[in-house]
Amino acid sequence: QVQLVESGGGLVQPGESLTLSCVASGIIFNINTMGWYRQVPGKQRELVANIASGGRGNYADSVKGRFTISRDNARKTVYLQMNSLKPEDTAVYYCNAIPPFGLWGQGTQVTVSS
């Protein structure tokens, strides 16, 4: 079955960086466009970045120029490099396909606070 395991979150100060990782299993990873989503309590989950197999990343306006998505098809892993973090980036971050599989991972909490 599909399994998505996110990691790399944490508590950082504004302006600092984090790199998130997501390992996928149970899917033919290299044919799927993969994305990073985030969700804060009381709001809908939003897509912040996505990348097709072998393609360039696409980004939400709110993270463009600060976040970089990449993937390693051999390791079935997708990454999100987050630089110049802002308090408004605080959320639980999830990875999933585009469109998403019905099952989600546990996510990884990113908190940006001074």
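Provided above is the structure to which this section pertains.
Residues numbered from 1 in each chain as written. Predicted model: local features only at pLDDT ≥ 70, side-chain atom pairs only at ≥ 80, totals over all residues. Heavy atoms only, no water.

Trainee: Got a sec to walk through the nonpolar core? Specific residues and values, please.
Mentor: Core analysis: the biggest nonpolar cluster contains 28 residues, and Trp36, Val78, Leu80, Met82 and Tyr93 have the highest contact counts within it. Listed by contribution, the elements that provide at least two residues to this core are strand 3 (18-25), strand 4 (34-39), strand 5 (46-51), strand 7 (67-72), strand 8 (77-82), strand 9 (91-97) and strand 10 (108-112). Apart from the residues lying within four places of it in its own chain, the contact partners of tyrosine 93 are Glu6, Leu20, Trp36, Tyr37, Arg38, Phe67, Leu80, Met82, Gly107, Thr108 and Val110. (Core = buried A, V, L, I, M, F, W, Y, C linked by side-chain atoms within 4.5 Å. Buried < 20%, exposed > 50% of the residue type's maximum accessible area, 1.4 Å probe, protein only. Helix = DSSP H or I, 4+ residues; strand = E, 2+ residues; numbered from the N terminus. Contact = heavy atoms within 4.5 Å.)

Trainee: Which residues make up the side chain of asparagine 96, and what values go with them?
Mentor: When you line up the elements, asparagine 96 lands in strand 9. Since its relative accessible area comes to 0%, asparagine 96 is described here as buried. At 2.8 Å, the side chain of asparagine 96 and the backbone nitrogen of phenylalanine 101 are in polar contact. Side-chain polar atoms of asparagine 96 contact the backbone oxygen of leucine 103, separated by 3.3 Å. Excluding residues that lie within four positions of it along the chain, asparagine 96 makes contacts with Leu4, Thr33, Met34, Gly35, Tyr37, Phe101, Leu103 and Trp104. (Polar contact = N/O pair within 3.5 Å; in protein donor to acceptor, adjacent residues only side chain to side chain.)

Trainee: Lay out the packing of aromatic side chains in plain terms, naming residues and giving numbers.
Mentor: In total, this model carries two aromatic pairs according to the counting rule given. Between the aromatic rings of tyrosine 37 and tryptophan 104, the centroid separation amounts to 5.0 Å while the plane-to-plane angle is 80°, which identifies the pairing as edge-to-face. Taken together, the positions of tyrosine 37 in strand 4 and tryptophan 104 in the loop between strand 9 and strand 10 put the pair 67 residues apart, joining distant regions of the chain. Owing to a relative accessible area of 8%, tyrosine 37 belongs among the buried residues under this scheme. Seen from their ring centres, tyrosine 94 and tryptophan 104 are 5.9 Å apart, and the 85° between their planes marks the pair as edge-to-face. Here tyrosine 94 is found in strand 9, whereas its partner tryptophan 104 is found in the loop between strand 9 and strand 10, with ten residues between them in sequence. (Phe/Tyr/Trp six-rings, centres within 6.5 Å; stacked < 30°, edge-to-face > 60°.)

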